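Each chain is listed here by its residues.
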Amino acid sequence: MRLPMPSAAASAAVAVTTAVAAAALAVLPGPAVAAEIPTGSSFTISDPRIKESSGLAASRIHPGVYWTHNDSDDGPYIYGVDSATGRTVARVTLKGIGKPRDVEAISLGPDGQLYVGDIGDNRGGTWDHVWIYRFPEPKQLGDVTVEAAQFTVKYADGARNAESLMVHPVTGRVYIASKDENKGGLYEGPAELSTGGTNVFRRVADVPWVTDGAFSPDGTRLTLRGYFTARTYPWKDGLPVGEGERVDAPWQGQAESVTYTPDGSTLMFGAEGEGSRVIAVPVAAATAAPSASPQPGSPPGASSMTEPPVGFGKGALVLAGGLILVLGAKRLLRRRGGSS
C-alpha cells in the first residue's frame, strides 16, 4: 500500500503508532515466535523489483513456487518466486487489459487460471468500478507475456475499498472481502464472470478488518487475515460459519497476504516491503473459538464474522490504541488523495 507524503501531524501519528506496536509486542503472548515457525517452508523474497508484495497464490503445477505482485505503480506484472531460494523464476506480463490501478490480491481457481484483483480504493470507495484479470497459470517458468481477460466489477451496495480476492477451489466462484475499520463485508460474485458487461458482487456476510484471504485447497475453510489477527472459518453452503478459529499469525507490520500450501497443511503469511519475509504457520497452530449466530441486521442468509476481542490484556489495549492512530493518520492522508 503506497500512501502520499504525509503532513506533519500524520507523520507524528504514524511515528507514535510504530512505537505503540513495538510496545505491544513486548506484552502480548507470542505463539508465533520464531522458534515455533517451521523455517523450512518460510522464505524471503529477494527480487528488488518486488517492493509491495500484496498477494500470494501457491502454484499447483510448479512445486514450491508462489505467485505475487506489487501493490501499485508497477505495471501489469505477476512474479513467480521459488520458495527454496527466494528468487524470482518467472515474470508474467499481462496484455489485453487496461492500466492496472491498485492491484491487491491474487488467487488460483479450479480452472487452472490465476485471478488478479485490481480492487483497491484507498480513497474510501470513490471508484464506481474495479477490475479482475484472469489468465492461465503458465506451464513454463520464465519471462512470458500472456493474454488476460478483464472483468469489470461493481458492488450491489455501492463502491468500497477491498484488498482480498478468493476463488473457491471447488465451485470456482469469486469472492471479495472489503476493508473497513467499522464493518467490512464478504461479497459473492456471479456464478460465472463475464467480459461482456458488469459483474455485480453481492454482500453475503460481515467480516472484520481484512487485508487478504484464502480458501483451503478442499474448499472447506476460509482464512482471513488483518494487520494484527487472522481467523479460519468453516465454509458451508456458500457461507462462512460462526466466528471460526483464531490463527497464530505472525507479526509482520504491513501484513498484506495469505495463502495455503497446495496440500493444505500450512498457511503462508506475507507482507509488503523490499526483501519481505513469507512465514509458514502450520494449520494445526489454530486455537478453537466458539461459533456465533448471525447478528441482527445482517442480510438474509448472511453469516456474522465480526472479530471478537482477543485477550483484553495490556497488549490488546495497546494494539487497539495503535490501530486508532493508524486510522486517524490514514483519514488525514485520504483527504489529500493518493492510491492504496
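Everything here concerns the structure above.
Okay, so let's go over this structure. (Residues numbered from 1 in each chain as written. Predicted model: local features only at pLDDT ≥ 70, side-chain atom pairs only at ≥ 80, totals over all residues. Heavy atoms only, no water.)

**A word on the pattern of salt bridges**
And step 1. Considering all chains together, one arrives at 8 salt bridges under this definition.
And step 2. Where Lys95 meets Glu147, a salt bridge forms, and the shortest distance between an N and an O atom there is 4.0 Å. Note that Lys95 is positioned in strand 5 (residues 88–95) and Glu147 in strand 9 (residues 143–147), a separation of 52 residues in sequence.
And step 3. Judged by its relative accessible area of 43%, Lys95 falls in the partly exposed class.
And step 4. Here Asp206 ties to Arg203 by a salt bridge, and the two come within 3.1 Å at their closest N and O atoms.
And step 5. The exposure class of Asp206 is buried, given its relative accessible area of 5%.
And step 6. Take Arg203: its relative accessible area is 22%, and that puts it in the partly exposed class.
And step 7. Within this structure, Lys183, Arg203 and Asp206 form a network of salt bridges that share partners. (Salt bridge = Lys/Arg side-chain N within 4 Å of Asp/Glu carboxyl O. Helix = DSSP H or I, 4+ residues; strand = E, 2+ residues; numbered from the N terminus. Buried < 20%, exposed > 50% of the residue type's maximum accessible area, 1.4 Å probe, protein only.)

**Focus: the environment of Leu94**
And step 1. Mapped onto the elements, Leu94 comes out in strand 5.
And step 2. Take Leu94: its relative accessible area is 6%, and that puts it in the buried class.
And step 3. Those residues in contact with Leu94 that lie beyond four places of it in its chain are Pro76, Ile78, Tyr133, Phe135, Val146 and Ala148. (Contact = heavy atoms within 4.5 Å.)

**Regarding the environment of Asp263**
And step 1. Counting through the fold element by element, Asp263 comes out in the loop between strand 20 (255–260) and strand 21 (266–271).
And step 2. According to the relative accessible area criterion, Asp263 is exposed, its value standing at 60%.
And step 3. With 47 residues separating them in the primary sequence, Asp263 and Ser216 have C-alpha atoms 8.8 Å apart.
And step 4. A polar atom in the side chain of Asp263 sits 2.7 Å from the side chain of Thr261.
And step 5. Among the polar contacts made by the side chain of Asp263, one reaches the side chain of Ser265 at a distance of 2.9 Å. (Polar contact = N/O pair within 3.5 Å; in protein donor to acceptor, adjacent residues only side chain to side chain.)

**Observations concerning the sheet that holds strand 22 (residues 277–282)**
And step 1. Taken together, 4 strands build an open sheet; the order of strands is 1-22-21-20 and the sheet is antiparallel. Looking at strand neighbours, the two that pair on one side only are strand 1 (43–44) and strand 20, the edges of this open sheet.
And step 2. As defined by bridge partners, strand 20 adjoins strand 21 across 5 bridges and the pair is classed as antiparallel. Residue pairing in the sheet places Val258 in a bridge with Phe269 of strand 21. (Pairing = 2+ DSSP bridges.)

**Brief notes about the pairing of strand 22**
And step 1. For strand 1 and strand 22, the ladder comprises 2 bridges, and the chain directions are antiparallel. When the sheet's bridge partners are listed, Thr44 is paired in strand 22 with Arg277.
And step 2. Adjacent in sequence and paired antiparallel, strand 21 and strand 22 are bridged by 5 residues, among which Gly273 carries a positive phi angle near 115 degrees.

**A word on the packing of aromatic side chains**
In this description, a pair of aromatic rings is defined by centroid distance and the angle of the planes.
And step 1. Evaluation of the coordinates by the stated rule reveals 7 aromatic pairs.
And step 2. Between the aromatic rings of Tyr155 and Tyr187, the centroid separation amounts to 5.0 Å while the plane-to-plane angle is 65 degrees, which identifies the pairing as edge-to-face. One end of the pair, Tyr155, is in strand 10 (residues 149–155); the other, Tyr187, is in strand 13 (residues 184–188), with 32 residues separating them in the sequence. For the residue pair Tyr155 and Tyr187, the accessibility class agrees, reading buried in each case. (Phe/Tyr/Trp six-rings, centres within 6.5 Å; stacked < 30°, edge-to-face > 60°.)

**A closer look at the pairing of strand 21**
And step 1. Of all 6 residues that make up strand 21, 6 are buried, and the element is covered over most of its length.
And step 2. The alternating pattern of strand 21 places Thr266, Met268 and Gly270 on one face and Leu267, Phe269 and Ala271 on the opposite face, and all of these are buried.
And step 3. Where strand 20 hands over to strand 21, the hairpin turn is made up of 5 residues, of which Gly264 adopts a positive phi near 75 degrees.
And step 4. Across 4 bridges, the pairing between strand 21 and strand 22 is antiparallel. Across the sheet, residue Phe269 finds its bridge partner in strand 22, namely Ile279.

**Details of the environment of Ala149**
And step 1. Within the secondary structure, Ala149 sits in strand 10.
And step 2. Placed 45 residues apart in sequence, Ala149 and Ser194 show a C-alpha to C-alpha distance of 9.3 Å.
And step 3. Excluding its chain neighbours within four sequence positions, the residues that come into contact with Ala149 are Ile97, Ile132, Tyr133, Arg134 and Thr195.

So yeah, pure geometry; function would need other evidence.
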